[in-house]
Amino acid sequence: MYDAPGPCIRLEGAEGGSEDLTALPDGRVFISSGVISSEKGKILLMDFLDPTHKIKELQLQSDQNMSDAHYHGLSVWQDNEKGGLTLAVIMHRSSGEDTVEMFKFDEKKQILIHSKTVRDPLFYELNDLVLVSENQFYVTCSLKWSLLELFLHLRFGEVLFYDGSRVRVAAGGHIFANGINISPDHRHVYVAELLEKDILVYERQGDNSLVLKQTKYVDSGVDNIEVDPKSGDLWVGAHPRIGTLIYFMHREGQGASSPSQVLKIKTEKGMLRDVIEVFLDDGVEIPASSVATVFKNRMVIGSVTSNPLLCDIKYSK
C-alpha cells in the first residue's frame, strides 16, 4: 500500500529517528532524534529552502551532562517583538527521570544555549509539549504509574501546565495522551490519544485549565500534531496498525516494519471537521510515522526510528 501527494525522497542525518519536528515560518525545521535509539539523543536542523536537504546536528552549550539524553517531543517559541527563539524538548534520562530542557537558539553561532531544566514530581512518561509563551507550556503524560494502565484501559494520563514556576494538572482522564498542540489564536488545545484513535479539542480557560469541547475519532493511532499557522488545519503523523507499532517499538525498530500515515484535519473556529488521508505507506518508504509538517508545497514526515521523508505536494485532496 502506498499513497503520497507527490514524489518523496528519504533524507539522511537523523539515523536515531526523527520522532518530533516543527517548522518555522521561514522554512527551518527543528527535529528531535534518539527517543528509542541506542544512539545519543540529538537536536537537528534542516531547511525546506536548502536544495541539498542537509540535516545538521545542533551543538548544545550547557553546564549539565546531557550525554545520556533521549529526546522526545519538542516545541519552539518565537518572540516577534523582542526577537529570539526558545526551544523546549522532553528529555528521558538513563536514570528514568523525565525533564523538560529549555534552550535559547543563537542564530549567529547556530547553537542551542541551555537556559533551564524543568523537573517536577508530576512528570512521568512525558510525551509531547507545546510552548504557549517563552517560559510556559502544556505537556502530556502518557502514563501515570506504569504500562499496566494500557492493558487495564485506565484513564490516568494527564495534560500538565507549567506557568514558569510550578506545574499543575490542566486536564486528566486520558488513555496514553500523546501529541499536543495549540490553535493559532491560542484558544484551543489539541491532544492526541493514540490508543483511542481520537483527537480531543480543549478550550483554554483564564487559569490555563482545559475544558473538553470535542472528541474526534479518526480511526488511526494518532501521534504528534502540527498546526498550520494560517488555516489552523492539523497535520498529524499516525500509525494505522497499532499492534504492529507496539511490536515494532518492542524490537526497537528491528524486524517487521510498522505502516505510516499522515492525516490532514480541517478546522472551523478551532473545531475539527473533515479528515483527509494525505500519505499512506506500508513502512517501506518510512516506518512508524510520528509527525508531519508542511511548508508551501512540500511536506516532511518524521519517524520514531528512522530518517525523515521529504515529499512534494503536487496532488491535493
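Here's what I pulled together on the structure shown here. (Residues numbered from 1 in each chain as written. Predicted model: local features only at pLDDT ≥ 70, side-chain atom pairs only at ≥ 80, totals over all residues. Heavy atoms only, no water.)

**Overview of the nonpolar core**
And then number 1: The biggest cluster of nonpolar side chains holds 17 residues, and the ones touching the most others in it are F30 and L87.
And then number 2: Elements that contribute at least two residues to this core include exactly strand 5 (42–47), strand 8 (70–78), strand 9 (85–92) and strand 10 (98–106).
And then number 3: With four residues, the top contributor of residues to this core is strand 9.
And then number 4: Every residue in contact with L87, bar those within four places of it in the chain, is listed here: F30, I43, S75, V76, E101, M102, F103 and L112. (Core = buried A, V, L, I, M, F, W, Y, C linked by side-chain atoms within 4.5 Å. Buried < 20%, exposed > 50% of the residue type's maximum accessible area, 1.4 Å probe, protein only. Helix = DSSP H or I, 4+ residues; strand = E, 2+ residues; numbered from the N terminus. Contact = heavy atoms within 4.5 Å.)

**Quick look at the side chain of S183**
And then number 1: With respect to the secondary-structure elements, S183 resides in the loop between strand 16 (177–182) and strand 17 (188–193).
And then number 2: Looking at S183, the relative accessible area reads 3%, which means it is buried.
And then number 3: Excluding residues that lie within four positions of it along the chain, S183 makes contacts with H188 and Y190.

**Thoughts on the sheet that holds strand 15 (residues 167–174)**
And then number 1: Within the open sheet, the four strands sit side by side as 12-13-14-15. Their pairing is antiparallel. In this open sheet, the two strands that pair with only one neighbour each are strand 12 (126–133) and strand 15. In this sheet, adjacent strand axes meet at a mean angle of 20 degrees when their direction is disregarded.
And then number 2: The pairing of strand 13 (residues 136–141) with strand 14 (residues 157–162) spans five bridges and is classified as antiparallel. Note that in strand 14 the partner of F137 across the bridge is Y162. (Pairing = 2+ DSSP bridges. Axes fitted to C-alpha atoms, helices over the stretch in contact; angles between N-to-C directions.)

**Looking at the sheet that holds strand 2 (residues 8–10)**
And then number 1: If you walk across this open sheet you meet the four strands as 2-26-25-24, and the pairing is antiparallel. Lying at the two open borders of the sheet, with one neighbouring strand each, are strand 2 and strand 24 (289–295). Between one strand axis and the next, the sheet turns through 20 degrees on average, direction left out of account.
And then number 2: Here strand 24 runs beside strand 25 (residues 298–303); their pairing, made up of six bridges, is antiparallel. Residue pairing across strands places T293 opposite V300, the latter belonging to strand 25.

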